[in-house]
Amino acid sequence: MNRHPAPAFDLFNVFFERIYEPSIHIVLSFDGRLDETKMKTATERLIGANPYLGSRFRVVDGVPAWEVVPDNCRETAFSVHEQARDPEVPPPPLGVYNAPQVRVGLFRGDAGDTLAITIHHGFCDVSGLFSLARDLFSTYRGIFDDPGYWPPSTGAYDRGTNRILSRYSEEERTRARDESTPFIDRWRFPVERTGRGRPRVSSLTLAPDRLMAIGAFAKEHGATVNDALLGAYFLALLRVRDDPADRNAPRGILTSADMRRSLPDLDACPPMNLSIAFELTLSVPEGAGLAEIIGDIAAETTLCKAGAFDAGCILFYEDLHARGLAAVDAFFDDMADRYLSSGLKSPVFSNLGIIDEDDILPVPGRDGNPIGLRDARIVPCVCWPYGFLTVASTFRGRLTLTTAYEEGPYSAATVERFLGYMDESLP
C-alpha cells in the first residue's frame, strides 16, 4: 500500500474535528452554465495529478499517514445538483478518512451555476484551497483547448514545516520554545445550550466604499484593515455578551497567520497546512470605540509577529507530534474536557484575504464562450459550543464576514446581531 507520512500540522488539523467540523469551502457563483462533463474530467485529473488528493488519512501502527487509494475514488469527487445552493446552509462536509481530499459540487440555479469546492483542514488550509481552485480552472480551460490535457503532476511533496523552521538557528528555536505561552480562555460567544444542532451560515457583505473607508481609517491610525477588523470583532463580542465583567479586563481572541508569506517560492507552494494561530489580548474600557482601541490592536499584532513567533507555534506542534499519537490524543482530550467543564473558549477571527478573480477567469461556458463570475466567498469550518469562528474574505472590493455554526446550541438571531455589531463598529 502506498503511504506518505502525515506531518504534525496535518495530524492536528484532523484531530480538531473533536471541537469543530473542519471542512472549508470556496463558493463561486457564475452568470451562466459551466460544462459539467469537462468540469468532472478536470476534477478527476486534478486528483490524478496529486497523490495526496487521491489519499485517505489513516493511522497505521500508531503512525499517521496519507494512504493512496484506487483511481475509482476520483468519480465520487464531482456531483451535479439540479437546484440552487441555499446560502444559509454550508455544503456537505468532506470526510478526511475517505478519498479523495477535494470535492466539487455544481449547483444549478436560475441566475447561473454555483460551484462549491470543498477541502478538509486536515489536508490543507485556505491558501491551499485557493491553489486548488486556481488549478481546477486552469485544468478546465486546458481541456477545452485539448481534450487530452492533464495538469502537471506534483508527485509526493514535502508537507512539513522544515522550510520555515530552517530559517531559524538552534538558539532562536530554543528561545522561541522558552517564550511560547499557552492560550488562555477567559470568555466565549453566548450559547443557548451545549451539544449539536443544525449547520447554518450567516454572513454580512460590505460594499467597496466601506472597505475603502475602513482602509483610510486604519491608515490614519497607523494600522491595517486587518487591525480594524480585529478591533471590530472585539467590540462586537463585548456588545453581544453584555457582561460588565468584560470591561477593563484582559480578554483574548485567536487569529491566524499564513507562514507561506515568508517563503521565497510562495506561488509554487502546493496545497498543505502552513497556517498558525496566535492570541491577541486586549482590555477595553467602557465606552471605547474602534478609534480608541485600534492603536493597541496594531501594537499587539506587531508585537506578536515580531521575532520567531511562528517558530514557537510550529515547535509546539512538532514537539508534541514527536511524542507520539497517545500524547496528541491526550492533548485533545484535555482541550475538549477543559472547554466543556469551564464553559470558556476564546472566539477566533481570521482574515483570509483577497479572492483573486484572475485565478478563476476566464471561464468557458457550455458553448465555449466566457461566462462571468458574480460572487466568490469562503464558507468556513462549522462550530458548536464552545467554539466560535468568523472569517473575512474580499472579492472585487466587497468584504464579506462569514460564520458557520450549529443552530440550536447557537441562536441565529444572536449571531446575526453580532455581525450587525461588527458592521456598526466599522467606519
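Structure shown above.
Calculation notes
- Residues numbered from 1 in each chain as written.
- Predicted model: local features only at pLDDT ≥ 70, side-chain atom pairs only at ≥ 80, totals over all residues.
- Heavy atoms only, no water.
- Helix = DSSP H or I, 4+ residues; strand = E, 2+ residues; numbered from the N terminus.
- Rg over C-alpha atoms; globule rule 2.2 N^0.38 Å.
- Buried < 20%, exposed > 50% of the residue type's maximum accessible area, 1.4 Å probe, protein only.
- Contact = heavy atoms within 4.5 Å.
- Areas by Shrake-Rupley, 256 points an atom, 1.4 Å probe, with all protein chains shown as cover.
- 1 Å grid on protein atoms, 1.4 Å probe; cavity = no way out; pocket = protein on both sides within 12 Å on 5 of 7 lines; lining within 4 Å.
- Points joined across faces, edges and corners; volume = space filled by probe spheres on them.
- Nonpolar A, V, L, I, M, F, W, Y, C, P; charged D, E, K, R; others polar.
- Pairing = 2+ DSSP bridges.
- Axes fitted to C-alpha atoms, helices over the stretch in contact; angles between N-to-C directions.
- Salt bridge = Lys/Arg side-chain N within 4 Å of Asp/Glu carboxyl O.
- Disulfide = S-S within 2.5 Å.
- Core = buried A, V, L, I, M, F, W, Y, C linked by side-chain atoms within 4.5 Å.
- Expected span 1.5 Å × (residues − 1).
- Arc of directions from axis to C-beta.

Visitor: Give me the overall build of the protein chain: which residues, what numbers.
Guide: Looking only at helices and strands, one finds eleven helices and 18 strands in the protein chain. By the compact-globule yardstick of 22 Å for 427 residues, the protein chain fits well, its C-alpha radius of gyration being 22 Å. Split into buried and exposed, the 427 residues of the protein chain put 55% on the buried side. In the protein chain, 79% of the contacts between residues at least 6 apart in sequence involve partners at least 24 apart. Accessible area of the protein chain: about 17800 Å², with a carbon and sulfur share of 51%.

Visitor: Which residues make up the layout of surface pockets, and what values go with them?
Guide: Computed from the structure, the second largest pocket encloses a volume of approximately 320 Å³. Every residue lining the second largest pocket is counted, 21 residues in all, and those nearest its centre are S131, D135, P152, T154 and P271. Breaking the lining of the second largest pocket down by element, the ones donating at least two residues are α2 (36–49) and α3 (126–145). The dominant element in the lining of the second largest pocket, judged by the number of residues it contributes, is α3, at six residues.

Visitor: Any chance you could break down empty space enclosed by the protein for me, citing the residues and the numbers?
Guide: With the rule as written, the count across this model stands at one cavity of 30 Å³ or more. Of the voids in this model, the largest cavity is the one considered here, and its volume is about 40 Å³. Taken together, T43, L46, I47, V102, V104, I117, L132 and L136 make up the lining of the largest cavity. Elements that contribute at least two residues to the lining of the largest cavity include exactly α2 and α3. The leading source of residues in the lining of the largest cavity is α2, at three residues. Within the lining of the largest cavity, the residues separate by chemical class into seven nonpolar, one polar and no charged.

Visitor: How would you explain the pairing of strand β17 (residues 389–395) if you had to name every residue and give the values?
Guide: Within β17, seven of the seven residues are buried, leaving the element largely enclosed by the surrounding structure. With five bridges joining them, β17 and strand β18 (residues 398–407) adopt antiparallel strand pairing. Residue V391 lies in a different strand from β18, and its bridge partner there is T402.

Visitor: Talk me through the sheet that holds strand β3 (residues 23–30); I want residue IDs and the actual numbers.
Guide: The five strands lie next to each other as β6-β7-β8-β3-β15, forming an open sheet whose pairing is mixed. Unpaired on one side and paired on the other, β6 (78–81) and β15 (373–379) mark the two borders of the sheet. With strand direction ignored, the average angle separating the axes of adjacent strands in the sheet is 15°. Where strand β7 (residues 103–109) meets strand β8 (residues 112–120), seven bridges bridge the pair, whose relative direction is antiparallel. Residue V104 lies in a different strand from β8, and its bridge partner there is I117. Where α2 meets the sheet, it contacts β6, β7 and β8, and its direction lies at approximately 155° from that of β6.

Visitor: Could you give me a rundown of the pattern of salt bridges, with the residues and numbers involved?
Guide: Here the structure, examined in full by the defined rule, presents 33 salt bridges. For R366, the salt bridge identified is with E36, shortest N-O distance 3.2 Å. Here the residue R366 occupies a position in the loop between β13 (363–364) and β14 (370–371), and E36 occupies one in helix α2, the gap between them amounting to 330 residues. Residue R366 is classed as partly exposed on the basis of its relative accessible area, which comes to 46%. The exposure class of E36 is partly exposed, given its relative accessible area of 25%. Residues D375 and R377 are paired through a salt bridge, measuring 2.9 Å at the closest nitrogen-oxygen approach.

Visitor: Tell me about the state of the cysteines, and name the residues and values.
Guide: Taken as a whole, this structure holds zero disulfides when the rule is applied. Here C381 stays free of any disulfide, with the sulfur of C383 as its closest cysteine sulfur at 6.8 Å.

Visitor: A description of the nonpolar core should follow, citing residues and the corresponding values.
Guide: General note: in soluble globular proteins, nonpolar side chains tend to be found buried as a group. The biggest cluster of nonpolar side chains holds 129 residues, and the ones touching the most others in it are F30, L115, I117, F137 and F418. Here the element with the most residues in this core is helix α7 (residues 225–241); it accounts for eleven residues. With residues near it in sequence (within four places) discarded, F30 still touches A111, G112, D113, L115, F137, I360, V363, I371, G372, L373 and R374. Within the second largest apolar cluster, seven residues are counted, among which are V27, F107, A116 and V201.

Visitor: Help me get a handle on helix α8 (residues 290–304), residues and values and all.
Guide: Taking 1.5 Å per residue, 15 residues should reach 21 Å; α8 reaches 20 Å between its end C-alpha atoms and fits that length. Taken as a whole, α8 has its buried residues at L290, I293, I294, I297, A298, T301 and C304. All buried residues of α8 lie within an arc of 150° about the axis, which places them on one face of the element. Facing away from the buried side of α8 by over 90 degrees, the exposed positions are E292, T302 and L303.

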